[in-house]
Amino acid sequence: MATHPGGLTGTRTVRTRDLRRGFGDRLVLDGLDLEIGAGEFVALLGRSGSGKSTLLRALAGLDRDVAGSGAIDVPEKSSVVFQDARLLPWQHVLDNVVLGLSGPDAPQRGRAALAEVGLSGREQAWPHQLSGGEQQRVALARALVSEPDLLLADEPFGALDALTRLRMHDLLRELCRRHRPAVLLVTHDVDEAVTLADRVLVIDQGRITVDTTIDLPEPRSHRQPRFQAYRESLLRSLGVETEG
Amino acid sequence: MTASVLARPRTSAAAVPARRPRRRLGPGRPLPFGAVLGPLLLLSLWAIGSAAGWLDTRTLSAPWTVVTTAGELIADGRLQDNLAVSAQRAGLGLAVGTAIGTVLALLSGLSRWGEAILDGPVQIKRAIPGVALIPLLVLWLGIGEQMKIITIVLGVFVPVYIHTHNGLRSIDSRYVELGESLRLRPGVFLRRIVLPGALPGFLLGMRFAVVGAWLSLVVVEQINSTSGIGYMMELARQYGQTDVIIVGLVLYGLLGLLSDGAVRLAQRKALSWRRTLAD
Ligand SMILES: Nc1ncnc2c1ncn2[C@@H]1O[C@H](COP(=O)(O)OP(=O)(O)OP(=O)(O)O)[C@@H](O)[C@H]1O
Ligand SMILES: [Mg+2]
């Protein structure tokens, strides 16, 4: 399943060359090269302020006001999941899901997407009537209902409690298996990265400094010795010392 | 709060259906008929004052005289005729003013050029009381209906503009970003994000506008008019009929209350997605 960095198998969907982005004098992305294969699940780790969000926003085309240069190649159909669910409070749940869709089958597709995230029957609820985890599931449904080729997610589970986060991991894995978008998941949680991703990247000083293919059988768990090995090596490259 | 719930006898706790506990901050549960309590109190003070003879009838007619007078005015049709004329003026001015205010707010809220050109003049107009423009309007337009309605329009469009514009500008930029990430077409963006986002501001503006419409109406009808509630009151002043004046005042008050109530109802219906302090 895993694709190698050079793109030995599969087709590339994302490719950046010499990407630079800066705020004022500070260069946050400094000649960053990145490739993601079709259907590949990539997790991006990095210290706070290392430029993860900046990279993701660049890929999503949301950084028109940021100074920078470089080539970005992303699929036409890509979706973003933000850290906050970012549902429109004045639209019912279903209308939020189909916000970006057009055509007569939009409601039907929206219902199907809601069913996939386990929220059948909540179509006509207001967003504020849902729990944080449910809101984030609606956001996932909204991102996937358009059948994107690329899913960009910036710490989508950062605001959720540990238990809900585990459930969301299962859900995300399941959804990605079914729809097979390429995924770039920004996270600060090494376990999350190793559990979910085919490949884990670490960004530092504006470049990708670590690019590890996670070669673990499913279902992955902490009890796998190689899980611990991946975990520790990634933590080390993030500058965190682990005992043992 | 937990303690008081526990202290309540079991039987009554079972009899009372599970109620929402009162929010600790915020004004608390709405009182039944809370809105009419204050006016009723005023009314009873007035009635007591008149009955006890503390109020001279030449200064202020008794409530029952006012009621009889209102009955007579209705019987000979004067009240309805004048009310219809006034309501038409206010309604027309309100409709035109709201439309103008909304369109200007959209133009200036959605484009920098629009803002540069429109916002200044509206702010200048805002600083000039509508009444102060009447001499000029009379010179330009005479004292006909046109002048009256335009005075009302000028009083209405400013609050609609200010609050709608403010609502537009304070739409969370994260929603704009969401729209961009979903590649919404401009029309969809406007319909699904901009307009609903500005709706609370618009409705607040409407509440000021409704009040402004009646205010302007009173002024134009009392200055130079041959019909309308204001004219009826002006005529009564010349004959010293305080009862007719009070009928007019009560009418103005009722109209103001009713229209404000209508806007508030619209607010409640249209903004049911909001959770606010008052809920
Ligand atoms: N709009 C902005 N204006 C100025 N500086 C910014 C802006 N956005 C980000 N930065 C700076 O760019 C750097 C990278 O920010 P970015 O949000 O990409 O970090 P991050 O890796 O996502 O961090 P975190 O894990 O805390 O979310 C930070 O030092 C930040 O201060
Ligand atoms: Mg970030």
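Numbering of residues begins from 1 in every chain and follows the order in which that chain's sequence is written. Starting at A for chains and at 1 for ligands, labels are handed out in the order in which the entities are written. Per-residue local features of the predicted model are confined to residues with pLDDT of at least 70, and side-chain atom pairs are confined, for both listing and counting, to 80 or more; whole-chain, interface and lining totals are unaffected and use all residues. Hydrogens and water molecules were not included; the side-chain quantities draw on all heavy atoms of the structure.

### Some points on the overall build of chain A
Each helix corresponds to a stretch of at least 4 residues labelled H or I by DSSP, and each strand to a stretch of at least 2 residues labelled E; elements are numbered beginning at the N terminus. The helix and strand inventory of chain A stands at 7 helices and 9 strands. Judged by the C-alpha coordinates and their principal axes, chain A covers about 50 × 45 × 35 Å. Relative accessible area decides the class of each residue, using a 1.4 Å probe on protein chains only: under 20% of the type maximum gives buried, over 50% gives exposed, and in between gives partly exposed. By residue count, 54% of the 244 residues in chain A fall in the buried class. Restricting the contact set of chain A to residue pairs at least 6 apart, pairs at least 24 apart contribute 69%. The Shrake-Rupley method, run with a 1.4 Å probe, gives the accessible areas here. Residue values count only the displayed protein chains as cover. For chain A, the exposed area adds up to about 10900 Å²; of that, 48% sits on carbon and sulfur atoms. Averaging the coordinates of the 30 positive side-chain charges in chain A and doing the same for the 34 negative ones gives two points 1 Å apart. Contacts: residue pairs with any heavy atoms within 4.5 Å of one another. Asp and Glu are treated as the negative residues and Lys and Arg as the positive ones, with His and the ends of the chain left uncounted. Charge positions come from single atoms, namely NZ of Lys, CZ of Arg, CG of Asp or CD of Glu.

### Focus: the UniProt feature "transmembrane region" (unreviewed entry) in chain B
Residue and element names in this part refer to chain B. UniProt positions are given in the numbering used here, feature names are shortened, and annotations may be inferred rather than shown by experiment. According to UniProt, the "transmembrane region" (unreviewed entry) feature falls on residues 31–55, 90–107, 127–143, 149–168, 189–215 and 244–266. Within residues 127–143, the helical portion is 53% and the strand portion 0%, while the C-alpha atoms at the span's ends are 24 Å from each other. Helix makes up 100% of residues 149–168 and strand 0%. Its end C-alpha atoms lie 28 Å apart.

### Structural notes on the sheet that holds strand 4 (residues 67–73) of chain A
Residues and elements named next belong to chain A. Sheet architecture is open: 3 strands sit in the order 2-1-4, paired in antiparallel fashion. Edge positions in the open sheet fall to strand 2 (26–37) and strand 4, since each of these has one partner strand only. Taken pair by pair, the neighbouring strands of this sheet meet at an average axis angle of 5°, ignoring direction. Note: two strands are recorded as paired if DSSP finds a minimum of 2 bridges between them. Of the strand pairs in this sheet, strand 1 (residues 12–23) and strand 2 are connected by 9 bridges, and their pairing is antiparallel. The residue bridging Gly22 from the neighbouring strand is Leu27, located in strand 2. Only the contacting stretch of a helix is used when fitting its axis, a line to C-alpha atoms as for every element, and angles between N-to-C directions run 0 to 180 degrees. Helix 1 (residues 52–60) contacts strand 1, strand 2 and strand 4 of the sheet and is inclined by roughly 120° relative to strand 1.

### Observations regarding helix 11 (residues 229–239) of chain B
Structural remark: α-helix, 3.6 residues per turn; residues separated by three or four positions point the same way. Residues and elements named next belong to chain B. Of the positions making up helix 11, those classed as buried are Ile229, Gly230, Met232, Met233 and Ala236. Projected down its long axis, helix 11 shows its buried positions confined to an angular sector of 160°, all on one face. Contacts from the buried residues of helix 11 go to helix 4 (63–75), helix 5 (78–110), helix 10 (186–223) and helix 12 (242–270). Among the residues trailing helix 11, Gly240 stands out with phi positive, at a value near 65°. Taken from the helix axis, the directions to the C-beta atoms give the arc we talk about.

### So, the interface of chain A and chain B
A common way to express how large an interface is: the accessible area buried when the components associate. Taken together, the contact pairs 22 residues of chain A with 18 residues of chain B. Here the buried area means the combined drop in accessible surface, using a 1.4 Å probe, for two parts upon being joined, counting both sides. Taking both partners together, chain A and chain B bury about 2000 Å²; carbon and sulfur atoms supply 59% of that area. Three residues, Arg86, Trp90 and Leu99 of chain A, lead the burial of chain A against chain B; their summed loss comes to 33% of the area buried on that side. In what follows, salt bridge is the name for a side-chain nitrogen of Lys or Arg lying within 4 Å of a carboxyl oxygen of Asp or Glu. For the interface between chain A and chain B, the tally reads 3 salt bridges. Arg86 of chain A is paired through a salt bridge with Glu177 of chain B; the nearest N and O atoms lie 2.8 Å apart. For this analysis, a polar contact is any N or O atom pair within 3.5 Å, provided that within protein one partner can donate a hydrogen and the other can accept it, and provided that sequence-adjacent residues contribute only side-chain to side-chain pairs. At the boundary of chain A with chain B, the tally comes to 7 residue pairs in polar contact (both at pLDDT 80 or more).

### Concerning the site of ligand 1
Residue and element names in this part refer to chain A. Any residue with a heavy atom positioned within 4 Å of a molecule or strand is treated as near that molecule or strand. Residues in close proximity to ligand 1 include Phe23, Arg26, Val28, Arg47, Ser48, Gly49, Ser50, Gly51, Lys52, Ser53, Thr54 and Glu155, which together make up its full environment. Arg26 places a side-chain nitrogen or oxygen 2.6 Å from an oxygen atom of ligand 1. Taking Lys52, its side chain carries an N or O atom lying 2.7 Å from an oxygen atom of ligand 1. If ligand 1 stood free it would expose 630 Å²; the protein chains cover 57% of that surface. Put simply, the parts of the chain that give the shell around ligand 1 at least two residues each are strand 2 and helix 1. Each residue receives one of three labels: charged for Asp, Glu, Lys and Arg, nonpolar for Ala, Val, Leu, Ile, Met, Phe, Trp, Tyr, Cys and Pro, and polar for the others, Gly being one of them. Of the residues contributing to the shell around ligand 1, the split by class is 2 nonpolar, 6 polar and 4 charged.

### A word on the packing of aromatic side chains
Two rings from Phe, Tyr or Trp (for Trp, the six-membered ring) form a pair when their centres sit within 6.5 Å of each other. Planes less than 30 degrees apart are called stacked, planes more than 60 degrees apart edge-to-face, and all others tilted. Taken as a whole, this structure holds 2 aromatic pairs over all chains when the rule is applied. Ring centres 5.5 Å apart and planes at 70° place the aromatic pair Trp90 of chain A and Tyr175 of chain B in the edge-to-face group. Taken together, the residues Trp90 of chain A in the loop between strand 5 (78–81) and helix 2 (93–97) and Tyr175 of chain B in helix 9 (residues 173–181) connect one chain to another. For Trp90 of chain A, a relative accessible area of 11% gives the class buried. Note on Tyr175 of chain B: relative accessible area 12%, which makes it buried.

### Brief notes about the sheet that holds strand 7 (residues 182–186) of chain A
Residue and element names in this part refer to chain A. One open sheet accounts for 6 strands, arranged 5-6-7-3-8-9; its pairing is mixed. At either end of the open sheet lies a strand with only one pairing partner, and these are strand 5 and strand 9 (207–213). Neighbour to neighbour, the strand axes of the sheet diverge by 20° on average, direction disregarded. The pairing of strand 6 (residues 150–154) with strand 7 spans 5 bridges and is parallel. In the sheet register, Asp154 faces strand 7, and the bridge partner there is Val186. Running over the sheet, helix 7 (residues 225–237) touches strand 3 (41–46), strand 8 (199–204) and strand 9 and is turned about 175° from strand 9.

### What to know about the pairing of strand 7 of chain A
Residues and elements named next belong to chain A. In terms of burial, strand 7 is a largely internal element, 5 of the 5 residues being buried. Alternating positions in strand 7 separate into two faces, Ala182, Leu184 and Val186 on one and Val183 and Leu185 on the other, with burial throughout. With 4 bridges joining them, strand 3 and strand 7 adopt parallel strand pairing. Each bridged residue has a counterpart across the sheet, and for Phe41 the counterpart in strand 7 is Val183. In this view, the connection linking strand 6 to its parallel neighbour strand 7 by way of helix 5 (residues 162–179) has right-handed handedness. With the strands pointing away from the viewer, any crossover whose connection runs clockwise from the first strand over the helix to the second is right-handed.

### Observations concerning the pattern of salt bridges
Inspection of every chain in the model, using the stated rule, returns 31 salt bridges over all chains. Arg199 of chain A is the salt-bridge partner of Asp211 of chain A, the closest N and O atoms lying 3.0 Å from each other. In this pair, Asp211 of chain A sits in strand 9 while Arg199 of chain A sits in strand 8, placing the two residues 12 residues apart along the sequence. For Arg199 of chain A, a relative accessible area of 2% translates into the label buried. With a closest N to O distance of 2.9 Å, Arg237 of chain B and Glu234 of chain B form a salt bridge. Of this pair, Arg237 of chain B and Glu234 of chain B both sit in helix 11, separated by 3 residues, roughly a single helical turn. What emerges from the salt-bridge pattern is a single network uniting Arg57, Asp84 and Arg86 of chain A together with Asp172, Arg174 and Glu177 of chain B.

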